[in-house]
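Overview (structure and organization)
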Amino acid sequence: MNFNQELQQELDALQAKGNLRQLPALKHDGRYVTVGGQRMLNLSSNDYLGLAADVALRKEFLDTLTPETFLPTSSSSRLLTGNFQIYDELEAELARLFGAEAALVFNCGYHANTGILPAVANAQTLILADKLVHASLIDGIRLSAPARCIRYRHNDLAQLERLVHENAGQYHRIIIVTESVFSMDGDRTDLRRLVQLKSCHENVLLYVDEAHAFGVFGPTGLGCAEEDGCIADIDFLVGTFGKAAASAGAYVICSHTVRDYLVNRMRPFIFTTALPPVCMAWTLFVVRRLSGMNARRQHLQSLGRQLRSRLEQQDYSTPSTSQIVPMIIGASADTIIRAEHMQRHGFYALPVRPPTVPEGTSRIRFSLTAALTEEEIAAIPL
Ligand code: PMP
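The notes below deal with the structure included here.

**Brief notes about the packing of aromatic side chains**
Taken as a whole and judged by the stated rule, the model has 10 aromatic pairs. With a centroid separation of 5.2 Å and 65° between ring planes, the pair formed by F61 and W282 is classed as edge-to-face. With a gap of 221 residues between them, F61 in helix α2 (residues 55–62) and W282 in helix α11 (residues 277–287) connect regions that are remote in the sequence. We note that F61, like W282, is buried. Each ring, one from Y207 and one from F236, has its centre 5.7 Å from the other, and the planes form 35°; the classification is tilted. Taken as a pair, Y207 in strand β8 (residues 204–209) and F236 in strand β9 (residues 236–240) lie far apart in primary sequence, 29 residues in all. Counting every residue linked through ring pairs, the aromatic cluster contains F98, F214, F241 and Y251. For the cation-ring pair, R39 lies above Y32, with the distance from its terminal atom to the ring centre recorded as 4.0 Å.

This is the structure:
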């Protein structure tokens, strides 16, 4: 067998299990997508606040630009000539909004999560990570070798507490790694309890990924840490701009010293061309408006409650407490059939299968946005 034949054999095995992934050819039209000639309501977008589908907002932004200020590339790493002023403005604004010492912006959440941990961990570090953290964090943990890592059961903070108390004396540093809103289950972790646990030991740090919470939770949309009043207690508060903020990129909120250290040590920060300044300008434009979007946030949470109660009425148990609402079906093949049924009825819901989720928990993952209506949620053929 040659190389291509070997790969094909693996692909065929994935297909036989219903786990083959293919890039969908789709056309976007605001809240709708057209796939294979069929126009469907998009129930699988991370555009949580509906800002990516908001043409009026884009017009307002475009009015601020001229051919001279529309800068489509930074042409360089930030450490060379790519550090346009807009980066500093965005970071200063983020630090101000979060009431923190510093912020550092990255090209995406994947870079943040694969770069921060390897930069700060060493052989005397123990990483304690929730079993369900995102693949980007898992890759970051892998790149952190020789640091040791133990994964605790999902949201089992009693197990985490035991692990911390048992190991705090053996390691120079422990880093607890979690998401605030989990990307596949849509449930939340108890940040206050994590902060309390951290306060018992001097050498415990907290790393929280708020990718699915930034813009969505908190009185001014800064995330769950804002809602729980614990921004200052989190050492690495990470979020992304590709979801509720309708842009691209990611940030960490941290101390001045951590920021300086990452600038010197974090490879996905150092060895990449910085995002285009126009992208940063759009991010800043959106970030400045997030605090005024409580009506969208409340509508989004109400849609989530409505969908969860519809699922419960049909005897689905869903772990969700957010705008991410999984309908857990089990077998991949059944999940695909159910997703296709919804699509035929005009609702673009997508199956999520292993390895993204554990074997036997294939699901339809509804990812709601504030641009949807109650009538639309009521009409989903569950
Ligand atoms: N963290 C979480 C929890 C995510 O779900 C994702 C992507 N969906 C990322 C990080 C990666 O962010 P980005 O898409 O900006 O690379």
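**Some thoughts on the packing of helix α4 (residues 109–120) against helix α9 (residues 256–265)**
With their axes 10 Å apart at the nearest point, α4 and α9 run at an angle of 100° to one another. Taken as axis vectors, α4 and α9 run roughly perpendicular relative to one another. Between α4 and α9, the contacting residues are I116, A119 and V120 on the first element and Y261, L262 and R265 on the second.

**So, the pairing of strand β2 (residues 32–35)**
Note: strand β1 (residues 26–29) against β2, four bridges, orientation antiparallel. The residue of β2 that forms the bridge with D29 is Y32. Hairpin connection of β1 to β2: two residues between the antiparallel strands, including G30 at a positive phi of 60°. Two elements, β2 and strand β3 (residues 38–42), share four bridges in a ladder whose sense is antiparallel. Paired with V35 across the strands is Q38, a residue of β3. The loop that links β2 with its antiparallel partner β3 comprises two residues; one of these, G36, has a positive phi angle of about 55°.

**What about unusual backbone geometry?**
Here the bond from A145 into P146 is cis, since omega is 15°, no more than 30 degrees from zero. Within the secondary structure, P146 sits in the loop between α5 (135–142) and β6 (148–152). Backbone torsion omega between P354 and P355 reads 10°, so that peptide bond is classified as cis. Within the secondary structure, P355 is located in the loop between β13 (350–352) and β14 (362–367). The phi angle at N155 is positive, at roughly 55°, despite the residue not being glycine. By the element assignment, N155 lies in the loop between β6 and α6 (157–167). Its relative accessible area of 23% is what places N155 among the partly exposed residues. In this model, A246 sits at a positive phi of 55°, which is unusual for a non-glycine residue. Mapped onto the elements, A246 comes out in the loop between β9 and β10 (250–254).

**A few points about the site of the ligand**
Close contacts around the ligand come from 13 residues, with G109, Y110, D209, H212 and K243 the closest. Between the ligand and Y110 there is a distance of 2.9 Å, counted from an oxygen atom to a backbone nitrogen or oxygen. Between the ligand and the protein, one listed contact pairs a nitrogen atom with a side-chain N or O atom of K243 at 2.9 Å. Taken by itself the ligand offers 390 Å² of open surface, and the protein chains cover 80% of this. For the shell around the ligand, the per-class residue count stands at three nonpolar, seven polar and three charged.

**Things to note about the pairing of strand β4 (residues 102–106)**
For β4, the tally of buried residues reaches five of five residues, placing the bulk of the element in the interior. Of the two faces of β4, the one holding A102, L104 and F106 and the one holding A103 and V105 are both buried throughout. Note: β4 against β10, five bridges, orientation antiparallel. Bridge assignment links L104 to a residue of β10, and that residue is V252.

**Brief notes about the sheet that holds strand β11 (residues 324–330)**
If you trace the three strands from one edge of the open sheet to the other, you get β11-β14-β13, paired in antiparallel fashion. If you trace the sheet from one side to the other, it starts and ends with β11 and β13, each paired once. Here the strands of the sheet are splayed against their neighbours by 35° on average, with no regard to which way each runs. As judged from the six bridges shared by β11 and β14, these two strands associate in the antiparallel manner. Bridge assignment links V325 to a residue of β14, and that residue is F366. Strands β11 and β14 of the sheet are contacted by helix α12 (residues 294–313), whose axis makes an angle of about 20° with β11.

So, how was this worked out
Sequence order as written defines residue numbering, which begins from 1 separately in each chain. Local features in this predicted model are restricted to residues of pLDDT 70 or higher, and side-chain atom pairs are both shown and tallied only at a pLDDT of 80 or more, whereas totals for entire chains, interfaces and linings draw on every residue. Neither water nor hydrogens contribute to the side-chain values; these are computed over all heavy atoms in the structure. Between 30 and 60 degrees the pair is tilted, below 30 it is stacked and above 60 it is edge-to-face, where a pair is any two Phe, Tyr or Trp rings, Trp via its six-membered ring, whose centres lie within 6.5 Å. The numbering of helices and of strands both runs from the N terminus, where a helix is a DSSP run of H or I of at least 4 residues and a strand a run of E of at least 2. The rule is simple: take the accessible area with a 1.4 Å probe, protein chains only, and divide by the maximum for that residue type; under 20% is buried, over 50% is exposed, in between is partly exposed. Only lysine NZ and arginine CZ atoms are considered, and such an atom sits over a ring when it is within 6 Å of the ring centre and within 35 degrees of the ring normal. Here an axis means a line fitted to C-alpha atoms, over the contact stretch when the element is a helix, while the angle between two N-to-C directions is reported on a 0 to 180 degree scale. Relative orientations are named as follows: roughly parallel for angles under 35 degrees, roughly antiparallel for angles over 145 degrees, roughly perpendicular for angles from 65 to 115 degrees, and oblique for any other angle. Between two residues, a contact is recorded if the distance between any of their heavy atoms is within 4.5 Å. Here, strands pair whenever DSSP counts at least two bridges between them. Any residue with at least one heavy atom within 4 Å of a molecule or strand is counted as near it. Two N or O atoms form a polar contact when they lie within 3.5 Å of each other; inside protein one atom must be a possible hydrogen donor and the other a possible acceptor, and for residues adjacent in sequence the pair counts only when both atoms belong to side chains. Note on areas: these come from Shrake-Rupley sampling with a 1.4 Å probe, and a residue is covered only by the protein chains present in the view. For this scheme, ten residues count as nonpolar: Ala, Val, Leu, Ile, Met, Phe, Trp, Tyr, Cys and Pro. Four count as charged, namely Asp, Glu, Lys and Arg, and the remainder, Gly too, count as polar.

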